[in-house]
Amino acid sequence: MSEFNLVGIQQIGIGTEDMLASWKWYADMFQMNVRILEDDTVAERMLRYTGNKPQKRHACIAANLQGGGGFEIWQYSERKPLPVDFDVQIADLGVFAAKIKSHNISSYHAELAAKYKNVSQIVTDPRGLPTFYVHDPAGNLFQVVEDNYIFIDEHRFSGGVVGAMIGVSDIEKSLSVYRDILGYDVVEYDKSGVFSDWQTLRGGTQHYRRVLLSRSEPFSGPFVNMYGNSTIELVQALDREPRKIFVEPRQWGDPGFIQICFDVVNMRALGEHCKQHGHPFTVDSCPNSEDFDMGLASGHFTYIEDPDGTLIEFVETHKIPISNKLNICLNLMKRDRSKPMPTFFFQLMKLNRVKFD
């Protein structure tokens, strides 16, 4: 196989001061309650972003089976997590909001607003579609967007991650990653001004340029039906110099959105593609084509940076758990990875649903 393909957004990473408490909240609010994997070991391959020291952490990847990407919820186990020391505003450099899908905006809004106060009113986005915003207890921002695709109907109003808002200093330069590498080549809108849907958000009364991107080429691969379609919204501040969200002494894994991660088939071909476009891998978990073992799961992960240093992760999944309780896993390297996995496989993942007290 000489070509690569992206399968979709696998997850958005969220650093936290208390992984289990955060996971419980995300399960309650966004139905991120299916454990894909959980790991409590030492991160040895991220030294570039962890102060050149291996760091022990407790992390999980959790998903919502109605479709979309999941969350990687991440906490340092021995080092004290270091929160950002300023209020993150719209367009600060990095992932500043995750997009969550809902097939029924009004009903989902009513559900969340009935049990949590940091939920905005329903507003209209630049496409004229209903949307609303939620801040989690740590201040992380989530935009709920309209998306009628349901993968496995669990009779809930929310799905998983279908995109992100990313603050950039220069949208044209950022396209070298988001358009040329990630393939988000369709401009859904490109608008500048003060936006009505942001009036209640930090920095929301200022002027911005917003470019919403989608892909002309469909995602493909084993998990494509689970992830579905997605968008990336690049946002550039026009009234102020934006601040970088992750700067020293803060490290990868500290509280906040730490990366956006894409599932990929054929990592080596992707690596050549990234290098040709001026963004070579900054981290490679398997430089000698070995396997990165995570118990019942294994694979190959890499990172690149966008022009502002925002981290983008790629994961090529080799082995994935079907049932953690029964120690059953699936080796994807023994099947045709160009074809989607059958829905029955994902139905089995219900065995990994986590119930919180």
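As a reminder, the structure under discussion sits directly above these lines.
Let me sum up the structure you'll find in this document.

What counts and what doesn't
- Residues numbered from 1 in each chain as written.
- Predicted model: local features only at pLDDT ≥ 70, side-chain atom pairs only at ≥ 80, totals over all residues.
- Heavy atoms only, no water.
- Helix = DSSP H or I, 4+ residues; strand = E, 2+ residues; numbered from the N terminus.
- Buried < 20%, exposed > 50% of the residue type's maximum accessible area, 1.4 Å probe, protein only.
- Contact = heavy atoms within 4.5 Å.
- Arc of directions from axis to C-beta.
- Pairing = 2+ DSSP bridges.
- Axes fitted to C-alpha atoms, helices over the stretch in contact; angles between N-to-C directions.
- Salt bridge = Lys/Arg side-chain N within 4 Å of Asp/Glu carboxyl O.
- Polar contact = N/O pair within 3.5 Å; in protein donor to acceptor, adjacent residues only side chain to side chain.
- Core = buried A, V, L, I, M, F, W, Y, C linked by side-chain atoms within 4.5 Å.

Details of the environment of G221
Phase 1: In this structure, G221 sits in the loop between β12 (208–214) and α4 (224–227).
Phase 2: By relative accessible area, G221 is classed as buried at 1%.
Phase 3: The spacing of G221 and Y189 is 32 residues in sequence and 28 Å in space, taken between C-alpha atoms.
Phase 4: Each residue touching G221, except ones within four places of it in the same chain, is listed here: N5, V7, R337, S338, K339 and P340.

A look at helix α2 (residues 105–113)
Phase 1: Among the residues of α2, those classed as buried are I105, Y108, H109, E111 and L112. Looking down the long axis of α2, one finds its buried residues gathered within 160 degrees of arc, a one-sided arrangement.
Phase 2: Looking at the buried positions of α2, the neighbouring elements they touch are α1 (19–30), β6 (94–102), β8 (130–135), β9 (141–146) and β10 (158–167).

Regarding the sheet that holds β6
Phase 1: Taken together, the eight strands give an open sheet; going across it, the order is β7-β8-β9-β6-β10-β13-β12-β11, and neighbouring strands pair in mixed fashion. Bordering the open sheet on either side are β7 (123–124) and β11 (186–193), each of which pairs with just one other strand.
Phase 2: Looking at chain direction, β12 and strand β13 (residues 231–237) are connected through six bridges and run antiparallel. Across the sheet, the residue bridging to V211 is L234, located in β13.
Phase 3: Helix-sheet contacts for α2 involve β6, β8, β9 and β10, and the interaxial angle to β8 is about 25 degrees.
Phase 4: The strands touched by helix α3 (residues 171–178) within the sheet are β10, β12 and β13, with β13 carrying the most contacts at an inclination of about 155 degrees.

Re the pattern of salt bridges
Phase 1: One pass over the full model with this rule turns up 21 salt bridges.
Phase 2: The shortest N-O distance in the salt bridge between E154 and R353 comes to 2.5 Å. In this pair, E154 sits in the loop between β9 and β10 while R353 sits in the segment after α6 (343–348), placing the two residues 199 residues apart along the sequence.
Phase 3: The exposure class of R353 is partly exposed, given its relative accessible area of 24%.
Phase 4: Of the charged contacts in the structure, one is a salt bridge between D190 and R209, with a shortest N-O distance of 2.8 Å. With D190 in strand β11 and R209 in strand β12, this residue pair connects regions lying 19 residues apart in the sequence.

Observations concerning α3
An α-helical turn contains 3.6 residues, so a residue and the one three or four places further along point in the same direction.
Phase 1: Burial runs high along α3: six of the eight residues are buried.
Phase 2: Of all the residues in α3, the buried ones are I171, S174, L175, S176, V177 and Y178.
Phase 3: The backbone nitrogen of E172 lies 3.0 Å from a side-chain oxygen of the residue at the head of α3, namely D170.

Observations concerning the pairing of β9
Phase 1: Across the six residues of β9, five count as buried, placing the element largely inside the fold.
Phase 2: As paired elements, β6 and β9 share six bridges and run parallel to each other. Bridge pairing in β9 links A98 to F142.
Phase 3: Looking at chain direction, β8 and β9 are connected through five bridges and run antiparallel. Directly across from F132, in β9, lies its bridge partner V144.

With respect to unusual backbone geometry
Phase 1: Cis geometry is adopted by the peptide bond preceding P249, which originates at E248 and carries an omega value of 10 degrees.
Phase 2: Summarising the element assignment, P249 is placed in the loop between β13 and β14 (256–265).
Phase 3: Positive phi, close to 60 degrees, is recorded for N52, a residue that is not glycine.
Phase 4: Tracing the chain through its elements places N52 in the loop between β3 (42–43) and β4 (55–63).

Observations concerning the nonpolar core
Phase 1: Core analysis: the largest hydrophobic core is formed by 75 residues, its most contacted members being F30, F71, L182 and F314.
Phase 2: In contact with F71, other than residues within four places in its own chain, are Q11, I12, I14, Y26, F30, M32, C60, I61, A62, I100, F142 and V161.
Phase 3: Counting residues in each nonpolar core, the second largest holds 16 residues, with F86, Y133, L141 and M165 among its members.

As for the side chain of Q55
Phase 1: In this structure, Q55 sits in strand β4.
Phase 2: Ignoring anything within four residues of it in the chain, the contact list for Q55 reads T41, V42, A43, T50, Y76, R79 and Q251.

Observations regarding the environment of P249
Phase 1: On the basis of relative accessible area, P249 is assigned to the exposed category, the value being 59%.
Phase 2: Once the C-alpha coordinates of P249 and V84 are considered, the two residues, 165 residues apart in sequence, prove to be 9.9 Å apart.
Phase 3: Contact partners of P249, with chain neighbours within four places excluded, come to R79, L82 and D254.

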